[in-house]
Amino acid sequence: FVTVSPDGRYIASDGWDNVIRMWDAQTGHLIHVMEGHTWTVICGAYSPDGTRIVSGSRDTTLRLWDTLGSRQVGEPVRGHTSEVTSVSFSPDGSCIASASWDRTIRLWNGHTGEALGEPLYGGMRCVTFSPDGSRIASGGRGGEVLMWDVQTRSRIGNPLEGHTFSVTSVLFSPDGAFLYSASWDGT
């Protein structure tokens, strides 16, 4: 993964060596190396205020990081039973959504990592919050895109179909009017 801080000053990236590196976007200098995961880091995202990064790994955990001191915040976040493939902060930073090959989406407190209720089920590979934080979009292995209501934790409408292979990325437009998806089918 590669993720850019909200102010554009920093870049965080993963590696096959189980660490996250934070870079100065202007100079390209390495600022911090964040160690803690025990297997490949697959995904990560900055909090909206830029003070935290959440990462997900093949070790089935999420970890919260303080970007100012590059230290882990609290214990590893556990709940998934397979690799974590996608993470997303809500627009206000209060919630984190994660997707895993265990076919679940889980919601976590964005500050403490505590689980927020039971998982949502449905073959997930990627997740993103809508700009207003009321919905989550997720992409699945079967090529479908699902919409979820964050408050009721229920699915909204029928699956959005059109891809013929796994959906690898979903993203709302800034105004929330459009949802974009990418797939291993090349579309």
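About the cut-offs
- Counting of residues starts from 1 at the beginning of each chain's written sequence and follows it residue by residue.
- With the structure being a predicted model, the display of local features is reserved for residues of pLDDT at least 70 and the display and counting of side-chain atom pairs for 80 or more, all residues being used for whole-chain, interface and lining totals.
- Water and hydrogen atoms play no part in the side-chain values, which are based on all heavy atoms of the structure.
- Strands here mean DSSP runs of E at least two residues long; helices mean DSSP runs of H or I at least four residues long; both are numbered from the N terminus.
- Only protein chains enter the accessibility calculation, which uses a 1.4 Å probe; a residue is then buried when its area is under 20% of its type maximum, exposed when over 50%, and partly exposed in between.
- Residues are treated as being in contact if the distance between any of their heavy atoms lies within 4.5 Å.
- Positive charges are assigned to Lys and Arg, negative charges to Asp and Glu, while His and the chain termini are left out of the count.
- Charged groups are reduced to one reference atom each: NZ for lysine, CZ for arginine, CG for aspartic acid, CD for glutamic acid.
- In this description, a disulfide is simply a cysteine sulfur pair whose atoms lie within 2.5 Å.
- Any Lys or Arg side-chain nitrogen located within 4 Å of an Asp or Glu carboxyl oxygen qualifies as a salt bridge.
- For this analysis, a polar contact is any N or O atom pair within 3.5 Å, provided that within protein one partner can donate a hydrogen and the other can accept it, and provided that sequence-adjacent residues contribute only side-chain to side-chain pairs.
- Ring pairs are drawn from Phe, Tyr and Trp, using the six-membered ring of Trp, whenever the two centres fall within 6.5 Å, and their geometry is named by plane angle: stacked under 30 degrees, edge-to-face over 60, tilted for the rest.
- Confidence scores here are pLDDT values: one per residue, from the predictor, ranging 0 to 100.
- DSSP-based pairing: two strands are paired if at least 2 bridges between them are found.
- Simply put, an axis is a line fit to the C-alpha atoms, just over the touching stretch for a helix, and the angle between two N-to-C directions goes from 0 to 180 degrees.

## Points about the overall build of the chain
Consideration 1: Looking only at helices and strands, one finds zero helices and 18 strands in the chain.
Consideration 2: Along the three orthogonal principal directions, the C-alpha set of the chain runs to about 45 × 30 × 30 Å.
Consideration 3: Classification of the 187 residues of the chain by burial places 49% in the buried group.
Consideration 4: Contacts spanning at least 24 positions in sequence make up 37% of the contacts within the chain whose residues lie at least 6 apart.
Consideration 5: Averaging the coordinates of the 14 positive side-chain charges in the chain and doing the same for the 20 negative ones gives two points 4 Å apart.

## Concerning the state of the cysteines
Consideration 1: Considering all chains together, one arrives at zero disulfides under this definition.
Consideration 2: With no disulfide of its own, Cys 43 lies closest to Cys 126 among cysteine sulfurs, the gap being 11 Å.
Consideration 3: For Cys 43, a relative accessible area of 6% puts it in the buried group.
Consideration 4: In this model Cys 95 remains outside any disulfide bridge; the closest cysteine sulfur is found in Cys 43, 15 Å from its own.

## A short note on the pattern of salt bridges
Consideration 1: The full count for this structure, using the stated rule, is four salt bridges.
Consideration 2: Across the salt bridge formed by Arg 21 and Asp 17, the nearest N and O atoms sit 2.7 Å from each other.

## Section: the side chain of Asp 59
Consideration 1: Within the secondary structure, Asp 59 sits in the loop between strand E6 (52-57) and strand E7 (62-66).
Consideration 2: According to the relative accessible area criterion, Asp 59 is buried, its value standing at 12%.
Consideration 3: Here the side chain of Asp 59 touches His 37 through a polar contact of 3.1 Å, side chain to side chain.
Consideration 4: One polar contact links the side chain of Asp 59 to the main-chain amide nitrogen of Thr 38, over a distance of 2.9 Å.

## Examining the packing of aromatic side chains
Consideration 1: Scanning all chains against the criterion turns up two aromatic pairs.
Consideration 2: Consider the rings of Phe 165 and Trp 184, whose centres lie 5.8 Å apart with planes at 35 degrees: the pair is tilted. With Phe 165 in the loop between strand E16 (154-160) and strand E17 (167-172) and Trp 184 in the segment after strand E18 (179-183), the pair connects residues that are 19 residues apart, well separated along the chain.

## Re the confidence of the model for the chain
Low-confidence regions, as indicated by low pLDDT, have predicted coordinates that should not be scrutinised in detail.
Consideration 1: Across the chain, the average pLDDT comes to 93, with 99% of residues at or above 70.
Consideration 2: Mean pLDDT values for the elements of the chain range from 90 in strand E12 (residues 120-121) up to 97 in strand E10 (residues 95-100).

## Notes on the environment of Phe 165
Consideration 1: What makes Phe 165 partly exposed here is its relative accessible area of 43%.
Consideration 2: Once the C-alpha coordinates of Phe 165 and Trp 184 are considered, the two residues, 19 residues apart in sequence, prove to be 5.7 Å apart.
Consideration 3: For Phe 165, the contacting residues outside a window of four places in its chain are Arg 141, Gly 142, Gly 143, Ser 183, Trp 184 and Asp 185.

## Focus: the side chain of Thr 67
Consideration 1: When you line up the elements, Thr 67 lands in the loop between E7 and strand E8 (71-77).
Consideration 2: The class of Thr 67 is buried, set by a relative accessible area of 4%.
Consideration 3: Residues within four places of Thr 67 in sequence aside, it is in contact with Met 22, His 32, Tyr 46, Gly 50, Thr 51, Arg 52 and Ile 53.

## As for the sheet that holds E8
Each strand in a sheet pairs with another by means of backbone hydrogen bonds, the pair being arranged parallel or else antiparallel.
Consideration 1: Spatial ordering of the open sheet is given by E5-E6-E7-E8, a layout of four strands whose pairing is antiparallel. The open sheet has two edge strands with one neighbour each: strand E5 (41-46) and E8. Neighbouring strand axes in the sheet, compared pairwise and without regard to direction, differ in orientation by 20 degrees on average.
Consideration 2: Pairing of E7 with E8, which is carried by four bridges, proceeds in the antiparallel orientation. For Asp 66, the partnering residue across the bridge sits in E8 and is Arg 71.

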